[in-house]
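Read off the chains here:
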Amino acid sequence: MKVLVIGSGAREHALCRSLSLDPDVTALHCAPGNAGIAETAELHPVDALDGAAVAALATELGAELVIVGPEAPLVAGVADAVRAAGIPCFGPSEEAAQLEGSKAFAKDVMAGAGVPTARSYVCTTPEEVDEALDAFGAPYVVKDDGLAAGKGVVVTDDLAKARAHAIACDRVVIEEFLDGPEVSLFAITDGETVVPLQPAQDFKRALDGDEGPNTGGMGAYSPLPWADPKLVEEVMETVLQPTVDELRRRGTPFSGLLYAGLAITSRGVRVIEFNARFGDPETQVVLARLKTPLAGVLLAAAEGTLADLAPLRWSDDAAVTVVVASHNYPDTPRTGDPITGLDEVAALDAPHAYVLHAGTKHDGDAVVSAGGRVLSVTATGTDLTEARARAYAAVARIGLDGSQHRTDIAAKAAADVTTEA
């Protein structure tokens, strides 16, 4: 199978890494890719938001499966253009991708499907914003209705800060604060059958102890030793399957990756948000544990044959990802800094630890930073303690001037398991 992956981040590197290990994949291409992806896939320049250009590239390459990684191309209808060219595509249609593209649309779908979520108001005027903020009180949860690359959400006790963020958005969803730990659960679907993956937890705040500003994600781990063993089954019954059924009922069937961001509250599981693609950095740890070859699973979703698929096989190992970010991230990051230590990690830490590139590019023979989140250092181990140790040992080998990373990814979960043992 010839496969083309669209995107240029660590999520796409994780996808390409898994696909490169799949014996059914005979040729692997990525567009536009990055410096790390270039080691496992042939790169091609393309405007990822231009559906006609992506479809033309897929046709030229003879691709038999196209995987659209990021949300913006999905919301722009790139998957529709690829399918119109007669090529199987993993990723929802422009219409179905509104599940991520519009928080208000997602809330409407959840209401129709009876999916448990936070109470909310959709606001378009300062008066509506003030009423909603007053109704819920602190902590305030304010979400830009549209795509904001993981940075459109403000959770704060500061009324002025909450109001300022809301007023800056054309359309905003203000909702009640959900207590309890958060979980990311991905599911692959062809519009009817839903196949859940293993849950993960990510870390949104920039600094240790969940301090600092919101980011696109500073690390993740899987499995979740503290979670109810029946969590996946419950979320399938109350969230994932009802959502897929509701979208099909509306005439906007969703095929691709349905990502449920969940809060495990004192009143039960509640949906915080939906995404229409693999999450970053959770993909890095979830795919590290998947033993079933990936290409056939994604092709089955694209072709509507998931029901015929054998159950997915998973490793019992744990996986931890630590994100190395640029100086000043999540504000305007500094780019162009040389990255060292990548060869050392490959020589000394593989196969248990490896580096997935996010914001990188080649500058001559050097690899330099080219974005806010630069690398996802991922490791596996027999438990979270071993996976953490391997991940941080690899992080220590990497040099990037002014870089930052959290030191507490999966620390509490690992410590809790050790205490129980």
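Structure: above.
Structure report, in brief. (Residues numbered from 1 in each chain as written. Predicted model: local features only at pLDDT ≥ 70, side-chain atom pairs only at ≥ 80, totals over all residues. Heavy atoms only, no water.)

A short note on the packing of helix α7 (residues 126-136) against helix α8 (residues 159-168)
Just so we agree on the cut-off: Simply put, an axis is a line fit to the C-alpha atoms, just over the touching stretch for a helix, and the angle between two N-to-C directions goes from 0 to 180 degrees. Secondary structure is summarised from DSSP: a helix means a run of H or I of at least four residues, a strand means a run of E of at least two, and numbering begins at the N terminus for each. Handedness of each helix crossing follows the sense of rotation of the near helix against the far helix: counterclockwise by less than a right angle gives left-handed, clockwise gives right-handed. In what follows, residue pairs with any heavy atoms lying within 4.5 Å of each other are defined as contacts. By the convention adopted, Pro, Cys, Tyr, Trp, Phe, Met, Ile, Leu, Val and Ala count as nonpolar, Lys, Arg, Asp and Glu as charged, and the other residues, Gly among them, as polar.
In contact at an axis separation of 10 Å, α7 and α8 are set at 140 degrees when each is read in the N-to-C sense. Considering only the axes of α7 and α8, their crossing is right-handed. Facing α7, whose interface residues are P126, V129, D130 and L133, α8 presents L159, A162, R163, A166 and I167. The residue inventory of the contact of α7 with α8, partitioned by class, reads seven nonpolar, no polar and two charged.

A word on the sheet that holds strand β6 (residues 120-123)
The test is simple: Pairing between two strands is assigned when DSSP locates at least 2 bridges connecting them.
A sheet is described by the order of its strands in space; here four strands give the open sequence β6-β9-β7-β8, paired in antiparallel fashion. The sheet is open, and its two edges are formed by β6 and β8 (153-156), each paired on a single side. Ignoring which end each strand starts from, the neighbouring axes of this sheet average 20 degrees apart. As defined by bridge partners, strand β7 (residues 140-144) adjoins β8 across four bridges and the pair is classed as antiparallel. If you follow K143 over to β8, its bridge partner there is V153. Contacts between helix α6 (residues 103-113) and the sheet are confined to β6, β7 and β9 (172-175), with β9 contributing the most and set at about 50 degrees to the helix. Relative to β7, α8 is tilted by about 15 degrees, and along the sheet it contacts β7, β8 and β9.

So, the packing of aromatic side chains
To keep it simple, the criterion reads: Stacked, edge-to-face and tilted are the three classes for Phe, Tyr and Trp ring pairs, Trp counted by its six-membered ring, which pair at centre distances within 6.5 Å; planes under 30 degrees apart are stacked, over 60 edge-to-face, the rest tilted. Think of it in three bands: residues with accessible area under 20% of the maximum for their type are buried, residues over 50% are exposed, and the middle band is partly exposed, with areas taken using a 1.4 Å probe on protein chains only.
Tallying each qualifying case throughout the model produces five aromatic pairs. With centroids separated by 6.1 Å and ring planes inclined at 35 degrees, the aromatic side chains of F90 and F278 adopt a geometry described as tilted. You can see F90 sitting in strand β5 (residues 89-90) and its partner F278 sitting in the loop between β17 (268-275) and α10 (282-289), a full 188 residues away along the chain. Of the residues examined, F90 reaches a relative accessible area of 3% and is grouped as buried. In this structure an aromatic cluster arises from ring pairing among F90, F186, Y259 and F278.

A short note on unusual backbone geometry
That bond from A31 to P32 is cis: its omega, -5 degrees, falls within 30 degrees of zero. If you trace the backbone, P32 turns up in strand β2 (residues 27-32). Across the junction of A138 and P139, the peptide omega takes the value -5 degrees, indicating a cis bond. Position of P139 relative to the elements: it lies in the loop between α7 and β7. At A410, a residue that is not glycine, the phi angle is positive and equals roughly 65 degrees.

Re the pairing of strand β10 (residues 182-189)
β10 sits mainly inside the fold: seven of its eight residues count as buried. Judged from the three bridges that link them, β10 and strand β11 (residues 194-196) form a sheet pairing that is antiparallel. Within the sheet, the bridge partner assigned to I188 lies in β11 and is V195. Hairpin connection from β10 to β11: four residues lie between these consecutive antiparallel strands, with G191 at a positive phi of about 105 degrees.

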